[in-house]
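The residues making up each chain are set out below.
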Amino acid sequence: MKSVKNYVYTERAHFMCPDMHFGIMAKIERNYDEGQLSQSIEALQKAHPFLQSLIAEETDTGRIYYQMQDYLNIPVIVKKESILWQQDYEEISVQGWNVKKECLLKVVVYPKQNEFQILFIAHHLLCDGRGLLQLAEEFAEHYANGVIPQFAQERLIQHLNDLPSNSDLPLISKWITGYANRMWKKEGQQVAYEEYSAFERAYIQKHKMKREIFTVCNQELEEILTVCKQQSVTVNDWLIAKMMLEENTNKVVIAADIRNQTKCYKQGAMGNYSTAFSVSVKKNEENVINLAKRVASQVIHICQHPQREMLVLACYIYMLPELIDAVAISTLGDFESKAGAFVGKNMFGYGSQNGYGITNLGKFQSNIIAEAVFIPPASPANKKTWGVLTVNRHMKICTSNFIAER
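Just so we're clear, the structure is a prediction, and the values are computed from it rather than from any experiment.

### A few points about the overall build of the chain
Then comes step 1: Helix and strand counts for the chain stand at 12 helices and 14 strands.
Then comes step 2: If one aligns the C-alpha atoms of the chain with their principal axes, the spans along those axes are about 60 × 55 × 40 Å.
Then comes step 3: Looking at the 406 residues of the chain, the share that counts as buried comes to 55%.
Then comes step 4: Considering only contacts within the chain whose residues lie at least 6 apart along the sequence, 75% involve residues at least 24 apart.
Then comes step 5: Carbon and sulfur atoms provide 47% of the accessible area of the chain, an area that totals close to 18500 Å².

Right under this line is the structure:
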């Protein structure tokens, strides 16, 4: 089936921004077979056009898009020591990611006698966290049971009409975005991808990350689930409150899956179908459940108002794409742009870089995937990020935080 031409729209924020990758490490309870592994990876690639694509730029318009390739291999590295997988993840991270030359997915495999572990590392231009979890589950089903992933043609968020009704920017946000666009037009410049790539490598190598993994055992998770149900809050509300207390902050940015709200998402497609918004609660108490109740009230209120829930996506739609490209490098690097720095400091949080964020991919049961860890993307705006995934009633929290001076 011939692929349609997909231009980069709201995903543009991931194009020229460092640390825009994330991963899932999964333990597969099946014997390792190299040939079967290759067949399963190939099946994923056939089902998802973005796994067959590089990012390219039109010479006449300058627009960037996902360009299908006749021959593009998903890189698969086989390693011996799974205990070193975090080190492997870091080694891949510090190399940067040239999306014009490298596949948007990388895979590392750790064979054992009766099982193996597999690490999927995705660039954010491929998908969001839920999309990568879907890939991991599709891989497991094909590997263990021969279930062929269904072909899914991507249709990305392009316009406000793809979002829920009443998602347009508030007037003040529209004015600020328009002001930044006009500043950028007056500057009359553009960031070359080669210049960004050099900045990205230098930035990642200088700003090291520390990642830790915590497991919430079955009994403790059952207690959390019980008290959350009794108090009418979600586990996500509880996690936000827990982060606020542990990190001594009253503001946390959370990711929200909007697949059921968009008008463009096709079942099983890659791409980004999520938004992010901040939850801010005055932290004047130490009781996690009481704080979670106040968090829940905030989340419900935001989700009832699409203008707030979809704010970041609407902003990307209104902002000039070339300006979005300049935000990270002009705020964090040596590129001179008052417009880019204005957006980076006042709208993207790259000035203070002291934010906190959580992405919770939810829970699922599997007799193939014994356990899994979600390694979240580490936005330059955040001081610390939590990635949460619960498999077979075992919750794992992976924390990512910058350890070098910023």
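### Quick look at helix α10 (residues 311-318)
Then comes step 1: For α10, the full list of buried residues reads L313, A314, C315 and Y316.
Then comes step 2: Against the buried residues of α10 lie α4 (171-187), β10 (274-280) and α11 (321-332).

### A closer look at the sheet that holds strand β13 (residues 382-391)
What holds strands together in a sheet is hydrogen bonding between their backbones, with the strands either parallel or antiparallel.
Then comes step 1: The mixed open sheet is built from six strands, whose spatial order is β8-β14-β13-β11-β9-β10. Of all the strands in the sheet, just β8 (209-216) and β10 have a single pairing partner and so form its edges. Across this sheet, the average inter-strand angle for adjacent strands is 20 degrees, counted without regard to direction.
Then comes step 2: Those strands touched by helix α3 (residues 129-145) are β9 (251-257), β11 (355-364) and β13, and its axis lies near 35 degrees from that of β11.
Then comes step 3: Against the sheet, helix α6 (residues 218-230) engages β8, β13 and β14 (394-402), with an angle of about 80 degrees to β8.

### Regarding the pairing of β14
Then comes step 1: The buried fraction of β14 is high, at eight of nine residues.
Then comes step 2: Here β8 runs beside β14; their pairing, made up of eight bridges, is antiparallel. What sits directly across from R211, in β14, is S400.
Then comes step 3: Relative to β14, β13 runs antiparallel, the two sharing eight bridges. Bridge pairing in β14 links L389 to K396.
Then comes step 4: Taken together, β13 and the strand that follows it, β14, pair antiparallel across an intervening segment of two residues, in which N392 is found at a positive phi of about 50 degrees.

### Section: empty space enclosed by the protein
Then comes step 1: The final tally for this structure, using the stated rule, is one cavity of 30 Å³ or more.
Then comes step 2: Volume-wise, the largest cavity comes out at about 30 Å³.
Then comes step 3: In terms of lining, the largest cavity is formed by W85, Q86, Y89, E90, R211, I375 and C398.
Then comes step 4: Here the lining of the largest cavity gets four residues from one element, more than from any other, and that element is helix α2 (residues 85-93).
Then comes step 5: Each residue belonging to the lining of the largest cavity can be placed in one class, and the counts come to four nonpolar, one polar and two charged.

### Examining the packing of aromatic side chains
Then comes step 1: Applying the stated criterion across every chain yields a total of 17 aromatic pairs.
Then comes step 2: Between Y196 and F199, the aromatic rings sit 5.9 Å apart at their centres with planes inclined by 55 degrees, giving tilted as the arrangement. Placement of both Y196 and F199 in helix α5 (residues 193-206) is noted, with a separation of three residues, approximately one turn of the helix.
Then comes step 3: Given a relative accessible area of 0%, Y196 falls into the buried group.
Then comes step 4: Considering the side-chain rings of Y265 and Y273, the 4.7 Å spacing of their centres and the 65 degrees angle between planes classify their relative orientation as edge-to-face.
Then comes step 5: Relative accessible area serves as the criterion here: at 18%, Y265 is assigned to the buried category.
Then comes step 6: Members of the aromatic cluster, each reached through a chain of ring pairs, are F15, Y193, Y196, F199 and Y203.
Then comes step 7: The ring of Y7 carries the charged tip of R63 above its face, separated from the ring centre by 3.6 Å.
Then comes step 8: One cation-aromatic arrangement involves K106 over W97; the distance from NZ or CZ to the ring centre is 4.1 Å.

The rules behind the values
- Residues numbered from 1 in each chain as written.
- Predicted model: local features only at pLDDT ≥ 70, side-chain atom pairs only at ≥ 80, totals over all residues.
- Heavy atoms only, no water.
- Helix = DSSP H or I, 4+ residues; strand = E, 2+ residues; numbered from the N terminus.
- Buried < 20%, exposed > 50% of the residue type's maximum accessible area, 1.4 Å probe, protein only.
- Contact = heavy atoms within 4.5 Å.
- Areas by Shrake-Rupley, 256 points an atom, 1.4 Å probe, with all protein chains shown as cover.
- Pairing = 2+ DSSP bridges.
- Axes fitted to C-alpha atoms, helices over the stretch in contact; angles between N-to-C directions.
- 1 Å grid on protein atoms, 1.4 Å probe; cavity = no way out; pocket = protein on both sides within 12 Å on 5 of 7 lines; lining within 4 Å.
- Points joined across faces, edges and corners; volume = space filled by probe spheres on them.
- Nonpolar A, V, L, I, M, F, W, Y, C, P; charged D, E, K, R; others polar.
- Phe/Tyr/Trp six-rings, centres within 6.5 Å; stacked < 30°, edge-to-face > 60°.
- Lys NZ or Arg CZ within 6 Å of the ring centre and 35° of its normal.

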